[in-house]
Amino acid sequence: LDRARLNVWYKARQFKLTWVKLLGPSVNALYLRDVLGDADRDALFPEDYHSDAVRELWTKKDAGSLVRLDLLLTDAFLRYAVEVRAGYQFPRAIDPDWYIVPDKIDPLALLKGTLEKKDFAAAMAQLPPAYDEYKRLRQALKVYRRWQKQGEWPILRDETALRAGDWSPMVATLRERLEREGFLRVRVDANEMMFDAEVEQAVKQFQSAHGFTPDGVVGRGTRAALNVSLAARVAEIEKNMERWRWMPRKMESRNVQVNMADYKLAMMDKGKKVLEMRVVVGKDYRATPVFNNKIQYIELNPVWKVPDRIAREDLLPKQRQDPEYFLRKGIHVVTSWGSDGEEIDIDEIDWENVKGEDFPYKLQQESGGKNSLGRMKFMFPNSFRVYLHDTPARFLFERRIRTYSSGCIRVEQPVELAAQLLASPQWSVRDVEAALATAQTQRVDLAKPTPIYLLYWTAWVENERVQFRPDIYGRNRALPDHRLYKAAKKIASTR
């Protein structure tokens, strides 16, 4: 029990009971009991909210039992309200790269406000995140748990690739697996060992839902995704629901969202996706952090002031290996990036004896076709020095796995994104292209800064189908399953 909060609550009420009347538990108490008992639908545990003790005390009429029931219900509400609204774990304690701060919650004020509402049931229903994405995951969790009760789905143990026209006992296993998740309808008249057109179409749908190119061939990657257990998929849905609880109560109606795990950027306006494109995100050892900010300006034909870490760790070794590297890439060595910075002749530097840990220079790359930022960058100043930018390496967008940057995010359609963000008659796609053609470095401020969210979703629902993506940064592994988390806390409390 949270004795400190309970004392504050009951003292303010002059120790009047909250949930119990003369004849026993109130209507509100009954509804609260049912909500807490159904907490697992939000990937939480009823046992965490005294469900067993409440059930035991419910029918007892003696004063002591009724008082204890009231205390347990109040304590359960205070904990449930926080956990269903802001998560059962503190984000930064689990994921040090998560910098989005959930809204602060005063559980006592929330309890008071909820009880004061005319419709207590409606007020309780507003406690979980209101995002449609969260609600769809909650429904998906219900479905996957139902499938889980039917037993694990079959494993494709043979590593031989399967494709249209194949005839094999493994195709029968593949059919059962696809049927279990609803990608293939059950047909009693089908030759279960034949990889026919219907199976091929089902495989393509499965591949699309898992971020693969839908070629209809069950190769190593597709087979590995098919063999992920039902239990693991349930846990993945639960973990993504927990991340939604770490989000602010709501996002602005017009915003930019980047889902790193999906390598996608979406421009949203009034709940609708007005633009979508592929992106390249940070390498696994330079993972792009999760945070939110506001895009304030766009820089056309930018000069790249190379971050010190990239200069030391990435570019210096290339210059040592190839003395012409900086020259070819249009990289200049300067004493500082300020107006008083002086350029140093590259040939006068003994690069073999320049130490990375004591790198004394600043590097900047001239604007133009060689520039690593491409033709523009989108700035939302932050302490991570992360921003969106164009790139000359267009071929990377064709790859399924796109973790190649040093933390910044490379966007596939920078001109179209700029036109959407500027959203004025003076800045159509044609106008942006014309400004770029001048080759002049130019800063263009947004009339209204646009919120941007750099996010990490490995499971979500789209077109009534759960989408799963690889845990590219291991953030799911870092977020323990609620059951394991609960067990660890119980063990720790006994030490």
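Residues numbered from 1 in each chain as written. Predicted model: local features only at pLDDT ≥ 70, side-chain atom pairs only at ≥ 80, totals over all residues. Heavy atoms only, no water.

(A) Layout of the environment of Arg177. Topologically, Arg177 is positioned in helix α9 (residues 169–180). On the basis of relative accessible area, Arg177 is assigned to the buried category, the value being 1%. Sequence separation of Arg177 and Asn227 is 50 residues, and the distance between their C-alpha atoms is 9.0 Å. When near neighbours in sequence (up to four residues on either side) are disregarded, Arg177 contacts Trp153, Pro154, Leu156, Phe206, Ala225 and Leu226. (Helix = DSSP H or I, 4+ residues; strand = E, 2+ residues; numbered from the N terminus. Buried < 20%, exposed > 50% of the residue type's maximum accessible area, 1.4 Å probe, protein only. Contact = heavy atoms within 4.5 Å.)

(B) Focus on the environment of Ser336. Within the secondary structure layout, Ser336 lies in the loop between β8 (331–334) and β9 (343–344). With 26 residues separating them along the chain, Ser336 and Lys362 place their C-alpha atoms 5.7 Å apart. Beyond its immediate chain neighbours, meaning those up to four positions away, Ser336 contacts Gly341 and Lys362.

(C) Inspection of the packing of aromatic side chains at higher detail. One pass over the full model with this rule turns up 19 aromatic pairs. Relative to Trp246, the ring of Trp98 has its centre 5.2 Å away and its plane inclined at 80°; by these criteria the two rings are edge-to-face. Taken as a pair, Trp98 in the loop between α5 (91–94) and α6 (107–116) and Trp246 in the loop between α12 (230–245) and β3 (254–259) lie far apart in primary sequence, 148 residues in all. Overall, Trp98 belongs to the buried group, its relative accessible area being 1%. Taking the centre distance of 6.1 Å and the plane angle of 55° together, the rings of Tyr325 and Phe326 count as tilted. Take Tyr325 and Phe326: they sit in the same class, and that class is buried. Grouped by ring-pair contacts, the aromatic residues Tyr325, Phe326, Trp351, Phe359 and Tyr361 constitute a single cluster. (Phe/Tyr/Trp six-rings, centres within 6.5 Å; stacked < 30°, edge-to-face > 60°.)

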